[in-house]
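These are the residues of each chain, in order.
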Amino acid sequence: MQVSSTLLFALMVVAALTSIQFYKGRKLNLQLMQHYLRSIEEVVKPKDKDYVWLGGYIGFRASYKLDRDNVRKFEYTLTLLPRQSLLYFPIALLTSRHDKIYFVIRPQNQIKREAHLIQKGYYRMRPNIENEDFLQKEIIEVAGKQYEALYEKKRDIIKLKELVESLSKPHNVKHVSLTPKTNVFYLLMKPEPETIERDVEKLIRFVKEKLKD
């Protein structure tokens, strides 16, 4: 069976584009990883640090020990869109939608009450929240976006709302929470390279100043 010259040419074009996209996408993702790593580490200034490569060019997990500013550990996971893959990238835009950064900050003080702000419509399957039945619920507006608020005391939601509104692009925050059982302050957002340092500074300041009561 002979392959037509048109089909052969099309396959060669796809192969060439795939190769070009691989090298360009890989380079961009590596540059993004290096930028986020340097920028966040410069703000956090850890006493000790550990990194886990997530494989390929999709990101990494970082764990920093601080023991200052009411922060015991500062952890984050960066996951990037597969820009190196011409064929999978459009699918990832539909499923993952954007780059993500997950912050997990473990304060020295004990978090006393549970509170969540979750951007409406973001999760296809909302994460399971322990003791949700015992939390108060309402929909609030934060910087023009609707968020589901779950909380024990309203003042915790007010603090989280003020934090989100203080960030460079509030609508990039998809989920922020306080969890006493694990003693974790958590924030999921779409990161922006040009504003990541300012936003991390605000997260550190929030834990230092707002989680002491």
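Rules used throughout
Residues numbered from 1 in each chain as written. Predicted model: local features only at pLDDT ≥ 70, side-chain atom pairs only at ≥ 80, totals over all residues. Heavy atoms only, no water. Phe/Tyr/Trp six-rings, centres within 6.5 Å; stacked < 30°, edge-to-face > 60°. Helix = DSSP H or I, 4+ residues; strand = E, 2+ residues; numbered from the N terminus. Buried < 20%, exposed > 50% of the residue type's maximum accessible area, 1.4 Å probe, protein only. Salt bridge = Lys/Arg side-chain N within 4 Å of Asp/Glu carboxyl O.

Caption draft 1: Molecular detail of the packing of aromatic side chains. Summed over all chains, the structure comprises 10 aromatic pairs. Relative to Tyr64, the ring of Tyr51 has its centre 5.9 Å away and its plane inclined at 85°; by these criteria the two rings are edge-to-face. Remark: Tyr64 occurs in strand β2 (residues 59-68) and Tyr51 occurs in strand β1 (residues 48-53); sequence separation between them is 13 residues. Overall, Tyr64 belongs to the buried group, its relative accessible area being 0%. Here the aromatic rings of Phe185 and Phe206 are separated by 5.1 Å at their centres, their planes lie at 35°, and the arrangement is tilted. Here Phe206 lies in helix α4 (residues 196-210) and Phe185 lies in strand β9 (residues 184-189), a separation of 21 residues in the sequence.

Caption draft 2: Spatial organisation of the pattern of salt bridges. Applying the stated criterion across every chain, the model contains 12 salt bridges. Two residues, Glu130 and Lys181, come together in a salt bridge whose shortest N-O distance is 3.0 Å. Here the residue Glu130 occupies a position in the loop between β5 (115-119) and β6 (136-142), and Lys181 occupies one in the loop between β8 (173-179) and β9, the gap between them amounting to 51 residues. Here Glu130 falls in the partly exposed class, since its relative accessible area comes to 42%. Among the salt bridges present, the one from Glu165 reaches Lys161, with a minimum N-O distance of 2.9 Å. Placement of the pair is Glu165 and Lys161 together in helix α3 (residues 154-166), with a separation of four residues, close to one helical turn.

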